[in-house]
Every structure is written in C-alpha cells, then in structure tokens.
Amino acid sequence: MDSITRYRLDLLGFDPDELARLDLEMRMDAIHDRFVDRFPFENLSNGRSCADHPDRPETWPRATDRLLRENRSHGLGGTSFSLAYALRDLLHGVGANAHCTIGRNLVTEEAHAAVLVFLRDEARLYDPSLLVRGPLPLRPGGR
C-alpha cells in the first residue's frame, strides 16, 4: 500500500495496517461502508466552488484529497462524480481493479457516476451517492 493510500485511509479513520490484513473483498466493503457513512451526497459544495470562482475552472472539481480533508474538517460531502472518483481512488489504492463509470439517470437524464470493481469473473457496482452499504447487484452476466 503506497503512502498516498495510507494518508487517505487515515483521513477516513482506518488503520492501514489493520485494513491490509483483510482480504480484498473485505477491504473494499469496509472502505465503501465507511465512505457512505461519512460522506453525504450533496451538490452545494460543487455549485459554490463554481460560483465563487467563475473565471477559474481549475478550482471547480473537488479531487480525492480535498474531498477527504473537507469531510474531516467540515463534514462536507460531494456530488456523485467527486464521491465516485474518491471511492475509486481508495479502492484502487488497496488493490481493487476499480473504475469510474458514468451514465444517465433514466428519469431525469442527469449525468451520474459510480464505481465498478472487477473481481475474477464478476463485476460489482458501488454507488457512494445512494448511501447504501455494499455493492449493488448487477444483472446476471452484466458487463
């Protein structure tokens, strides 16, 4: 486990050495559960970030480390995109084959992001903005 992952896990309140002793699937579920418990889905922080600096788009996105720090210091959450990117970074850091996936809500047609993890012959979908523990079931044979 690299130093960046150890730093990020510490921000979430994990002992990286204890987490490393768990098998991969248990590490993934522990990280996802802690993530969902701590990070509210909200889009106010993203909107304020854009509104406060309309001439500086480089300040708009909230990358993993900023998201983790602002949650620890102020309890802030994030949009589906910032939450998915951060969860992906954490899961990838502990050895998971994790990737962000982007789609559209079937009702509102708004863009949405979540995390796909590929394990042996199956895929798991983790959606940190839905505030549910564990991965969401995929259709049998779904890719």
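Residues numbered from 1 in each chain as written. Predicted model: local features only at pLDDT ≥ 70, side-chain atom pairs only at ≥ 80, totals over all residues. Heavy atoms only, no water.

1. Here's the deal with the sheet that holds strand 2 (residues 111–119)
Phase 1: A sheet is described by the order of its strands in space; here 3 strands give the open sequence 1-2-3, paired in antiparallel fashion. Here the strands that pair on one side only, and so sit at the sheet edges, are strand 1 (97–104) and strand 3 (122–126). For this sheet, the mean inter-axis angle between neighbouring strands, taken without regard to orientation, is 35°.
Phase 2: Bridge count between strand 1 and strand 2: 8 bridges; the pairing is antiparallel. Residue pairing for strand 2: glycine 103 is matched across the bridge by histidine 112.
Phase 3: Contacts from helix 3 (residues 24–38) reach strand 2 and strand 3, with the element oriented near 15° to strand 3.
Phase 4: Here helix 6 (residues 80–93) sits on the sheet and contacts strand 1, strand 2 and strand 3; the angle it forms with strand 2, its principal contact strand, is near 15°. (Pairing = 2+ DSSP bridges. Helix = DSSP H or I, 4+ residues; strand = E, 2+ residues; numbered from the N terminus. Axes fitted to C-alpha atoms, helices over the stretch in contact; angles between N-to-C directions. Contact = heavy atoms within 4.5 Å.)

2. Topic: the pattern of salt bridges
Phase 1: Per the counting criterion, the structure on display carries 10 salt bridges.
Phase 2: Of the charged contacts, one joins arginine 133 and aspartate 33 as a salt bridge, the two residues approaching to 3.1 Å between their closest N and O atoms. Taken as a pair, arginine 133 in the segment after strand 3 and aspartate 33 in helix 3 lie far apart in primary sequence, 100 residues in all.
Phase 3: Relative accessible area serves as the criterion here: at 17%, aspartate 33 is assigned to the buried category.
Phase 4: When the shortest N-O distance is used, the salt bridge between glutamate 70 and arginine 66 registers 2.9 Å. Of this pair, glutamate 70 and arginine 66 both sit in helix 5 (residues 64–74), separated by 4 residues, roughly a single helical turn.
Phase 5: Among the residues examined, glutamate 70 registers a relative accessible area of 18% and is labelled buried.
Phase 6: Each of Glu25, Arg120, Glu122 and Arg124 takes part in a single network of salt bridges with overlapping partners. (Salt bridge = Lys/Arg side-chain N within 4 Å of Asp/Glu carboxyl O. Buried < 20%, exposed > 50% of the residue type's maximum accessible area, 1.4 Å probe, protein only.)

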